[in-house]
Amino acid sequence: MKSQLENIYKAATADLESASNLNDIEEIRTKYLSRKGEFNSIKKGLKDLSDEEKRVVGALANEISANLEKAIKEKYDIFYRKEMDEKLKKDRIDITLDGAYVPSGKIHPITSTINEIVEIFQNLGFSVLPNVLSPEVETEYYNFDMLNFPPDHPAKDMQDTYYTKLAPNTILRSQTSCAQIRAMEDSKPPIRVVVPGRVYRNETVNARKNNFFHQIEGLYVDKGITFGDLKGVLNEFIRIYFGAARPTRFRSSFFPFTEPSAEVDVQCIMCQGKGCRTCSGTGWLEILGAGMVDTNVLKNVGVDPEVYSGFAFGMGVERLAMLKYAIDDIRLFFNNDRRFLAQF
């Protein structure tokens, strides 16, 4: 049995000498040292030997197994390092070469427009109202009642307002003006805030209108505020945003929550005032509504109209972006067409 062990060891050593890769090493390990390998087959015969023979042959078998395991590991490490070196050399990357261009995302034109507008008003002394005071899911109480809308106002009709099933008289806000009430409930004058946000109206979608769009509301309440202050702030905003060369006009209008009220138009950039489908042939596009805060609105929130006055305005973000970038269809902002978005 001793000679058998020595012969197996010699054969295993010879196999290791002729091995040329890691697969050969694994085959040798399996052939000689696995459970069904040749050394284990020899060890199974130890039970038939005498105690003295068991001691001598067992010790020899363990010694040969240990030596073979060591030789196999050394050979394995040599081939492993060799193959890894070859693989690394083959897969080597020259880090000095320019990488492949991977296009990155851009800020959406609506987001960048909101950021630009907000920054302008912040530079004019306005702060941004916290989101908690400007929820998109609103109640009729804040969206209409507190803003001096009469009970039978057509804007409350289902044809104009999206009502939800979350609770009675709960809607998707149709304007950011409801944030005026929450701002005045949360703080006492002086108040000077802007409120960007999404609004929803049940309208027919066309080149000028969408049933989901963005507004920025502004509110300034303090002692001695006049319509002249309103015009001064809005004219300065328009000058910064569009440039001094863009013609604008104020038109008298009506809103339940402001008196007097006005709408501000900017000359259509697509037709230069000559008339096109974007401006419905008028040569002008309305960008915002504004006016002095109605005394009833001030009373509703506990602000004394004999002491304080203020103005409010609300502007459509999409309209402003369309005019600045000569975009003739509001729907382009929501179609997620990469060809359109890549221009920004």
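Up top is the structure.
Here's what I pulled together on the structure shown here.

With respect to the sheet that holds strand 10 (residues 309-316)
Think of a sheet as strands paired side by side through backbone hydrogen bonds, with each pair either parallel or antiparallel.
Point 1. Sheet architecture is open: 7 strands sit in the order 1-5-6-10-9-8-7, paired in mixed fashion. Only two strands of the sheet have a single neighbouring strand rather than two, namely strand 1 (127-128) and strand 7 (248-255).
Point 2. Along the sheet, helix 7 (residues 178-186) makes contact with strand 5 (191-200), strand 6 (212-222) and strand 10, crossing strand 6 at roughly 40°.
Point 3. Docked against the sheet, helix 10 (residues 317-325) engages strand 6, strand 8 (258-267), strand 9 (284-293) and strand 10, running at close to 60° with respect to strand 10.

A look at the nonpolar core
Point 1. Counting 40 residues, the largest nonpolar core has Phe-121, Phe-237, Ile-287, Phe-311, Phe-313 and Met-315 as the members making the most contacts within it.
Point 2. Elements represented by at least two residues in this core include exactly helix 5 (109-123), strand 6, helix 8 (227-242), strand 8, strand 9, strand 10 and helix 10.
Point 3. Of the residues forming this core, the biggest block, 7 residues, is contributed by helix 8.
Point 4. Once you skip the residues sitting within four places of it in the chain, Phe-237 turns out to touch Ile-117, Ile-120, Phe-121, Met-315 and Leu-320.
Point 5. Counting residues in each nonpolar core, the second largest holds 26 residues, with Ala-179, Ile-181, Ile-191 and Phe-255 among its members.

Here we look at the sheet that holds strand 3 (residues 162-163)
Point 1. Strands sit in the order 2-4-3 across an open sheet of 3 strands; the sheet is antiparallel. Each edge of the open sheet is held by one strand with a lone partner, namely strand 2 (137-139) and strand 3.
Point 2. Strand direction decides the pairing type here: strand 3 and strand 4 (residues 170-172), joined by 2 bridges, are antiparallel. Of the residues in strand 4, the one forming a bridge with Tyr-162 is Leu-172.

Here's the deal with the pattern of salt bridges
Close approach of charged atoms allows side chains with opposite charge to pair.
Point 1. Per the stated rule, a full pass over the model turns up 11 salt bridges.
Point 2. The partner of Arg-249 in a salt bridge is Asp-265, with the nearest N and O atoms 2.8 Å apart. In this pair, Arg-249 sits in strand 7 while Asp-265 sits in strand 8, placing the two residues 16 residues apart along the sequence.
Point 3. Taking the relative accessible area as the measure of exposure, Arg-249 reaches 31% and is therefore partly exposed.
Point 4. When its relative accessible area of 2% is taken as the criterion, Asp-265 is described as buried.
Point 5. As a salt-bridge pair, Asp-337 and Arg-339 come within 2.8 Å of each other at their nearest N and O atoms.
Point 6. Through salt bridges with shared partners, one network takes in Arg-249, Arg-251, Glu-263 and Asp-265.

A few points about the pairing of strand 9
Point 1. Of all the 10 residues making up strand 9, 8 are buried; the element is thus mostly covered by neighbouring parts of the structure.
Point 2. Sheet topology note: the strand 8/strand 9 ladder contains 8 bridges and is antiparallel. Looking across to strand 9, one finds that Ser-261 is bridged to Gly-291.
Point 3. Of the strand pairs in this sheet, strand 9 and strand 10 are connected by 5 bridges, and their pairing is antiparallel.

Overview of the environment of Val-297
Point 1. Tracing the chain through its elements places Val-297 in helix 9 (residues 295-300).
Point 2. Under the relative-accessibility criterion, Val-297 is labelled buried at 0%.
Point 3. Measuring from C-alpha to C-alpha, the distance between Val-297 and Gln-180 comes to 9.3 Å, with 117 residues separating the pair along the chain.
Point 4. Those residues in contact with Val-297, other than ones at most four positions away along the chain, are Met-146, Leu-147, Asn-148, Ile-181, Met-184 and Phe-257.

Description of helix 8
Point 1. In a regular helix each residue adds 1.5 Å, so 16 residues correspond to 22 Å; helix 8 covers 22 Å between its end C-alpha atoms and thus fits that length.
Point 2. Of the positions making up helix 8, those classed as buried are Leu-230, Val-233, Leu-234, Phe-237, Ile-238, Tyr-241 and Phe-242. Seen along its axis, helix 8 keeps its buried residues to an arc of 130°; they face one direction.
Point 3. As for helix 8, its buried residues are in contact with helix 5, strand 7, strand 8, strand 9, strand 10 and helix 10.
Point 4. The positive-phi residue at the C-terminal boundary of helix 8 is Gly-243, with phi of around 100°.

Rules and cut-offs
- Sequence order as written defines residue numbering, which begins from 1 separately in each chain.
- At least 70 in pLDDT is required for a residue's local features to be given in this predicted model, at least 80 for side-chain atom pairs to be given and counted, and no such filter applies to totals for whole chains, interfaces and linings, which use all residues.
- Side-chain metrics rest on all non-hydrogen atoms present in the structure, leaving aside hydrogens and water.
- Paired strands are those between which DSSP finds at least two bridges.
- Starting at the N terminus, helices and strands are each numbered in turn, a helix being any DSSP run of H or I of at least four residues and a strand any DSSP run of E of at least two.
- The contact definition used throughout considers only heavy atoms, calling two residues in contact when any of these lie within 4.5 Å.
- Inter-axis angles, ranging from 0 to 180 degrees, are taken between N-to-C directions of lines fitted to C-alpha atoms, where helices are fitted over the stretch in contact.
- Only buried Ala, Val, Leu, Ile, Met, Phe, Trp, Tyr and Cys residues count toward a nonpolar core, and they belong to the same one when joined by side-chain atoms within 4.5 Å.
- Residue burial is assigned from relative accessible area. The probe radius is 1.4 Å, only protein chains are included, and a residue is buried under 20% of its type maximum, exposed over 50%, and partly exposed in between.
- Any Lys or Arg side-chain nitrogen found within 4 Å of a carboxyl oxygen on Asp or Glu counts as a salt bridge.
- Under the convention used throughout, the expected extent of a helix is 1.5 Å for every residue step, that is, one less than its residue count.
- Here the arc refers to the set of directions running from the helix axis out to each C-beta atom.

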